[in-house]
Each structure stands twice: as C-alpha cells, then as structure tokens.
Amino acid sequence: MPNALLLSGGGGVGKTTLGQAIGRLLTSRRHPTAVLDLDAVAQFGPAGPPGPAVAGRALPAGLRFHDQLRVHNLAAVWTTYRDAGARFMVVSGPVDTADHRAAYTSALVDCDVQVVRVVTPPDLIAERTRTTRGPEWDLQTALDQAATHEPIQDHTVTNDRPPAEVAAEILARVAWSS
C-alpha cells in the first residue's frame, strides 16, 4: 500500500520547503515519490460559491471553495502519480481541522495517511519569510491562525534546523526511514 504524508502547520512554518526536502531524500533512496503543494493547486480566483461538491465529488459541508479545490485536485494528481508508480506522496498545505484531514485522506485513495504538524519559533518564521512573502503577509495573523488548528496530527516536529535534518526526522517519525 502506498504511503502519504500530510504536512500541516501555520503560514510560514516551512511546510513546502520540508515537503520538497522529504521528496529529495526519498527519491535519492530510489523510492518513487510524488510531492504536491496544496496551495499551488488552489490558485484560482475569484473564489466561486461554496458548495457541496467540486466536479461532482461530495465533500464535507464545512470546506470552503479553495479547500474543495485542493481536495479535488489532490485526488486527480494522486491518481496520476499512483498510475505512474508512486509509492510515496508528500503533501504540504492547510490541514487545520478534522474535516480537512478526512477530506484529504479520502482523496488519497488506497494510501496509509499520516499527518505531521510543523511548528517553527515565531522569530525564525519572521526571519525566513522576510524576503519570501509579499506585502500582505502579516506574521501575527499567521501565528493567530496557526493557534486555531485542531489537534489532528499523528506527529509534531519543530522546524528549527536545516530542511534536510528536519526532513530526516520526519521520515524517522513516520517510519519511512528505510
């Protein structure tokens, strides 16, 4: 059975960077691995009306339009990657609630799914995002939003070291280290 990893956490904690680092580690070990940033598959605007489904896929009523796009697109991309032979799927994005987790898990058909919450000290978030975020970025807003995440993770990892080190720790925690 393929394995999937959902990297969650607040804005600026390094989910995308760590997803890429995990993907590099797995592929360097010759494991067929796919990596996906959920924000990249939900860049659509203006937002459509909230609804019970995207392209006929029933989703929890609590998901907003962009969350629905993420789930629908994750399912489509996973199908393509799985058909190409992927055995590992690393997904970074907003997995803030039990509804998010359930929806993303349902999109990752026939996968053993684990969620890792990434936490990063606020001063390090500020340092790392100083030059990578636009003028609308507000650290305090990101920290406030991160505080509202439901405790839905299987593991929590602190991102306070180089990405390759944190990625190796995540792989060990989820028992994908071989």
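What comes next is a walk through the structure. (Residues numbered from 1 in each chain as written. Predicted model: local features only at pLDDT ≥ 70, side-chain atom pairs only at ≥ 80, totals over all residues. Heavy atoms only, no water.)

**Topic: helix α6 (residues 163-173)**
Then, in step 1: Among all positions in α6, only V166, A167, E169, I170 and L171 are buried.
Then, in step 2: Contacts made by the buried residues of α6 are with β1 (3-8), α1 (15-28), β6 (112-119) and β7 (155-158).
Then, in step 3: A175 sits one or two residues past α6 and shows a positive phi near 65°. (Buried < 20%, exposed > 50% of the residue type's maximum accessible area, 1.4 Å probe, protein only. Helix = DSSP H or I, 4+ residues; strand = E, 2+ residues; numbered from the N terminus. Contact = heavy atoms within 4.5 Å.)

**Re the pairing of strand β5 (residues 88-92)**
Then, in step 1: Counted residue by residue, β5 has five buried out of five residues, so it is predominantly covered.
Then, in step 2: Direction of pairing for strand β2 (residues 33-37) relative to β5: parallel, over a ladder of five bridges. Counted as the bridge partner of D37 is S92 from β5. (Pairing = 2+ DSSP bridges.)

**Remarks on the sheet that holds β7**
Then, in step 1: Here we have five strands laid out as an open sheet, ordered β2-β5-β1-β6-β7, and parallel in their pairing. Pairing within the sheet leaves two strands with one partner each, and these edge strands are β2 and β7. In this sheet, neighbouring strand axes are inclined to one another by 20° on average, regardless of whether the strands run parallel or antiparallel. (Axes fitted to C-alpha atoms, helices over the stretch in contact; angles between N-to-C directions.)

**Section: the nonpolar core**
One broad trend across soluble globular proteins is that nonpolar side chains are buried collectively.
Then, in step 1: Counting 23 residues, the largest nonpolar core has L6, L38, L74, M89, Y104 and L108 as the members making the most contacts within it.
Then, in step 2: Within the residue set of this core, elements represented by two or more residues are β1, β2, α2 (65-83), β5, α3 (98-107) and β6.
Then, in step 3: Setting aside anything within four residues of it in sequence, one finds L38 in contact with R70, L74, V91, S92, G93, P94 and Y104.
Then, in step 4: V90, V118, A167 and W176 belong to the second largest nonpolar core, which has 20 residues in total. (Core = buried A, V, L, I, M, F, W, Y, C linked by side-chain atoms within 4.5 Å.)

**Digging into the side chain of D96**
Then, in step 1: Summarising the element assignment, D96 is placed in the loop between β5 and α3.
Then, in step 2: As a buried residue without a salt bridge, D96 has its nearest oppositely charged side chain in R64, at a separation of 5.6 Å.
Then, in step 3: Among residues more than four places away in sequence, those in contact with D96 are H149, E150 and I152. (Lys, Arg positive; Asp, Glu negative; His and termini not counted. Salt bridge = Lys/Arg side-chain N within 4 Å of Asp/Glu carboxyl O.)

**Structural notes on the layout of surface pockets**
A probe matching the size of a water molecule, rolled over the atoms, marks out where space remains unfilled.
Then, in step 1: Approximately 850 Å³ is the volume found for the largest pocket.
Then, in step 2: Contributing to the lining of the largest pocket are 34 residues, with G10, G11, G12, K15 and R133 lying nearest its centre.
Then, in step 3: Of all the elements in the fold, those that place two or more residues in the lining of the largest pocket are α1, α2, α4 (122-129) and α5 (139-146).
Then, in step 4: The element contributing the most residues to the lining of the largest pocket is α1, with four residues.
Then, in step 5: Its residues placed into classes, the lining of the largest pocket shows six nonpolar, 17 polar and eleven charged. (1 Å grid on protein atoms, 1.4 Å probe; cavity = no way out; pocket = protein on both sides within 12 Å on 5 of 7 lines; lining within 4 Å. Points joined across faces, edges and corners; volume = space filled by probe spheres on them. Nonpolar A, V, L, I, M, F, W, Y, C, P; charged D, E, K, R; others polar.)

**Things to note about the pattern of salt bridges**
Then, in step 1: Within this structure, the stated rule accounts for eight salt bridges.
Then, in step 2: Its salt-bridge partner being D39, residue R70 comes within 3.0 Å of it at the nearest N-O pair. With R70 in helix α2 and D39 in the loop between β2 and β3 (53-54), this pair connects stretches of sequence that are 31 residues apart.
Then, in step 3: Taking the relative accessible area as the measure of exposure, R70 reaches 10% and is therefore buried.
Then, in step 4: What makes D39 partly exposed here is its relative accessible area of 35%.
Then, in step 5: A salt bridge links R64 to D67, with the shortest nitrogen-to-oxygen separation between them at 3.2 Å.
Then, in step 6: Residue classification places R64 among the exposed residues on the basis of a relative accessible area of 56%.
Then, in step 7: For D67, a relative accessible area of 2% puts it in the buried group.
Then, in step 8: By sharing partners, the salt bridges in this structure join D39, R64, D67 and R70 into a single network.

Without other data, these values stay purely geometric and don't point to any function.
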